[in-house]
Amino acid sequence: MRVALGVSGGIAAYKAAELVRLLQDKGLDVQVVMTRHAREFITPLTFAALSGHKVITDMFGEAQGASNVESAIEHIAVAQEIAAFVIAPATANVLAKVAHGIADDFLTTLCLATKAPLIVAPAMNVNMWEHAATQQNLEVLRIRGVRVVNPDEGYLACGMTGAGRLASPQCIAQAVFETLGLRQDLAGETVLVTAGPTEELLDSVRYLSNRSSGKMGYALAEASRRRGARVLLVSGPTPTEPPAGVRLERVRTAEEMAQTVFAHLAEATVVLMAAAVADFRPAEAYPGKIKKQQGAPVVKLEPTLDILAAIARRRRENQLIVGFAAETEHLLTNATAKLHAKRLDLLVANDVSQEGAGFDVDTNIVTLLFPDGRKKALEKMSKLDVASRVLDEVVEIRKQFGRHSREGGNP
Ligand code: CTP
């Protein structure tokens, strides 16, 4: 399988050499494409030697003997051949050009010419990273389905400290493997995901619901499938497009969601409860339509079953359970209480009042909480990236479970 690696100009360009090696380790054939600025930092010869291919630097190569037209055709053939295109490092300038469809060199032309999925790993000075222009360009790319591997925080080449340092080559390589379906660390697992809101009937035409879009749960289902799991997705009503290759069961009420989850629980080795299940439902659904003339109705609510708490109580040995917490205040205190009360292996807490987090957006800002008191606050990222980070932890916890079972202890 062939992939293209685009290298743009930045001090981190040398790290792309390590990325070539990691991609090759999985049997990928790497075609390197460099911008003019990248060549100020590292020579094409380095990449040619590592990849075993002539590096493409110009639209009309300084080709040996070939005419300009021939080399342009040869180059554009790359667009058809590749299974993925990863740009690492991606400068603010390259991100801006790609976001706006500008194609003024080979690297940016390839972005337009290929139908292969695009992965970008930005690296730049912290002020450039935080600039509204860069952030808006990234938003455009994410919405278009581009996978963004966020930079790390730390000491930057410009002497400043903050976000902007290229993510590790390992992290970028994993994003490529996931996109290509080559990361199979959930093979053998059956992942049960709940997603979306529930609708609790008030009368025959009205219901109580919430703003959940199901996007976080669908991203978890998609990411689990890509990593080799068999996926059962139990979803409340949402217009979000379901991922391919998963078994989808649509439900409407909290009661239906509970029944469907229980019906599949025995098969599940991992349960990811991302649904925004109603906590209360009208004690009685009026059989017809409540008429105005009847006056303002007084609706008595009754609690629904807490599905997550119920499955955590009945959990099988080695069944791994992850809960979500949507909070608007005292995020960590409330979420920690849920983690312990429901005896979860991991809790993904998100403050739904923050911009770029929670309901009906493509990004999320979450903190991962573990039963041993560890906390990991993740920066704002796409829901697919959050899903991937959650699954990284699932894989880690699974390894611990394995160790405990082999040692004869309880997980
Ligand atoms: N959950 C569930 N069944 C319910 C309510 C919630 O399975 N009836 C699950 C959600 O899917 C989520 C977790 O419990 O994984 C936490 O949901 P959340 O709404 O944040 O918290 P609650 O436990 O409902 O508590 P509160 O509404 O008071 O914050």
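For the structure, check the block above.
Residues numbered from 1 in each chain as written. Predicted model: local features only at pLDDT ≥ 70, side-chain atom pairs only at ≥ 80, totals over all residues. Heavy atoms only, no water.

## Re the pattern of salt bridges
A side chain of one charge can pair with a side chain of the opposite charge when the charged atoms of the two come close.
At step 1: Here the structure, examined in full by the defined rule, presents 31 salt bridges.
At step 2: Between Asp 306 and Lys 342 there is a salt bridge, with the nearest N and O atoms lying 2.8 Å from each other. Highlighted residues: Asp 306 in the loop between strand 15 (301-303) and helix 11 (307-313) and Lys 342 in the loop between helix 12 (331-341) and strand 17 (346-351), separated in sequence by 36 residues.
At step 3: Its salt-bridge partner being Lys 338, residue Glu 327 comes within 2.5 Å of it at the nearest N-O pair. One end of the pair, Glu 327, is in strand 16 (residues 320-327); the other, Lys 338, is in helix 12, with 11 residues separating them in the sequence.
At step 4: Take Glu 327: its relative accessible area is 8%, and that puts it in the buried class.
At step 5: Counted as one network, the salt bridges with shared partners bring together Arg 147, Glu 178, Arg 183, Asp 185, Arg 227, Asp 385 and Asp 392. (Salt bridge = Lys/Arg side-chain N within 4 Å of Asp/Glu carboxyl O. Helix = DSSP H or I, 4+ residues; strand = E, 2+ residues; numbered from the N terminus. Buried < 20%, exposed > 50% of the residue type's maximum accessible area, 1.4 Å probe, protein only.)

## A short note on the side chain of Thr 198
At step 1: By secondary structure assignment, the location of Thr 198 is in the loop between strand 8 (190-195) and strand 9 (200-201).
At step 2: The class for Thr 198 is buried, based on a relative accessible area of 0%.
At step 3: Within the structure, the side chain of Thr 198 is placed 2.8 Å from the side chain of Glu 200, a separation counted as a polar contact.
At step 4: Within the structure, Thr 198 has its side chain in polar contact with the backbone nitrogen of Ala 278 (distance 3.1 Å).
At step 5: Once residues within four sequence positions are removed from consideration, Thr 198 is found in contact with Leu 208, Ser 209, Asn 210, Arg 252, Thr 253, Ala 254, Met 257, Ala 276, Val 277 and Ala 278. (Polar contact = N/O pair within 3.5 Å; in protein donor to acceptor, adjacent residues only side chain to side chain. Contact = heavy atoms within 4.5 Å.)

## Some words on the environment of Gly 164
At step 1: Within the element layout of this structure, Gly 164 appears in strand 7 (residues 161-165).
At step 2: Exposure remark for Gly 164: the relative accessible area of 4% places this residue in the buried category.
At step 3: Gly 164 sits 70 residues away from Val 234 along the chain, and the two C-alpha atoms are 38 Å apart.
At step 4: Aside from chain neighbours lying at most four places away, what touches Gly 164 is Pro 122, Ala 123, Met 124, Pro 151, Asp 152 and Leu 156.

## What about the pairing of strand 7?
At step 1: Two elements, strand 6 (residues 152-155) and strand 7, share 4 bridges in a ladder whose sense is antiparallel. Bridge pairing in strand 7 links Glu 153 to Ala 163.
At step 2: Between strand 6 and the antiparallel strand that follows it, strand 7, lie 5 residues; Gly 159 among them carries a positive phi value of about 95°. (Pairing = 2+ DSSP bridges.)

## Observations regarding a negative patch on the surface
At step 1: The grouping of Glu 130, Asp 152, Glu 153 and Glu 379 at the surface amounts to a negative patch.
At step 2: Along the polypeptide, Glu 379 turns up in the loop between strand 20 (375-377) and strand 21 (381-382).
At step 3: We classify Glu 379 as partly exposed; its relative accessible area is 34%. (Patch = residues over 30% accessible without salt bridge, like charges linked within 9 Å, V, L, I, M, F, W, Y side chains within 5 Å. Areas by Shrake-Rupley, 256 points an atom, 1.4 Å probe, with all protein chains shown as cover. Lys, Arg positive; Asp, Glu negative; His and termini not counted. Charge placed at Lys NZ, Arg CZ, Asp CG, Glu CD.)

## What about the packing of helix 4 (residues 92-100) against helix 7 (residues 132-143)?
At step 1: Taken N-terminus to C-terminus, the directions of helix 4 and helix 7 make an angle of 45°; their axes are 9 Å apart at the nearest point. Taken together, the axes of helix 4 and helix 7 lie oblique to each other. In this structure, the crossing between helix 4 and helix 7 has a hand that is left-handed. Along the contact surface, helix 4 presents Ala 92, Leu 95, Ala 96, Val 98, Ala 99 and His 100, while helix 7 presents Thr 134, Asn 137, Leu 138, Val 140 and Leu 141.
At step 2: Of the residues belonging to the contact of helix 4 with helix 7, the class tally is 8 nonpolar, 3 polar and no charged. (Axes fitted to C-alpha atoms, helices over the stretch in contact; angles between N-to-C directions. Parallel < 35°, antiparallel > 145°, perpendicular 65-115°, else oblique. Left-handed = near helix turned anticlockwise from the far one by under 90°. Nonpolar A, V, L, I, M, F, W, Y, C, P; charged D, E, K, R; others polar.)

## Structural notes on the sheet that holds strand 1 (residues 2-7)
Pairing between sheet strands relies on hydrogen bonds along the backbone, with the strands arranged either parallel or antiparallel.
At step 1: Taking strand neighbours across the sheet as the criterion, the 5 strands line up as 2-1-3-4-5 in an open arrangement whose pairing is parallel. The sheet is open, and its two borders are formed by strand 2 (29-34) and strand 5 (147-148), each paired with just one other strand.
At step 2: By the bridge criterion, 2 bridges tie strand 4 (residues 118-122) to strand 5 in an arrangement that is parallel. Along strand 5, the bridge assignment pairs Val 120 with Val 148.
At step 3: Sheet contacts for helix 2 (residues 44-51): strand 1 and strand 2; angle to strand 2, the most-contacted strand, approximately 170°.

Read these as spatial facts, not as claims about activity.
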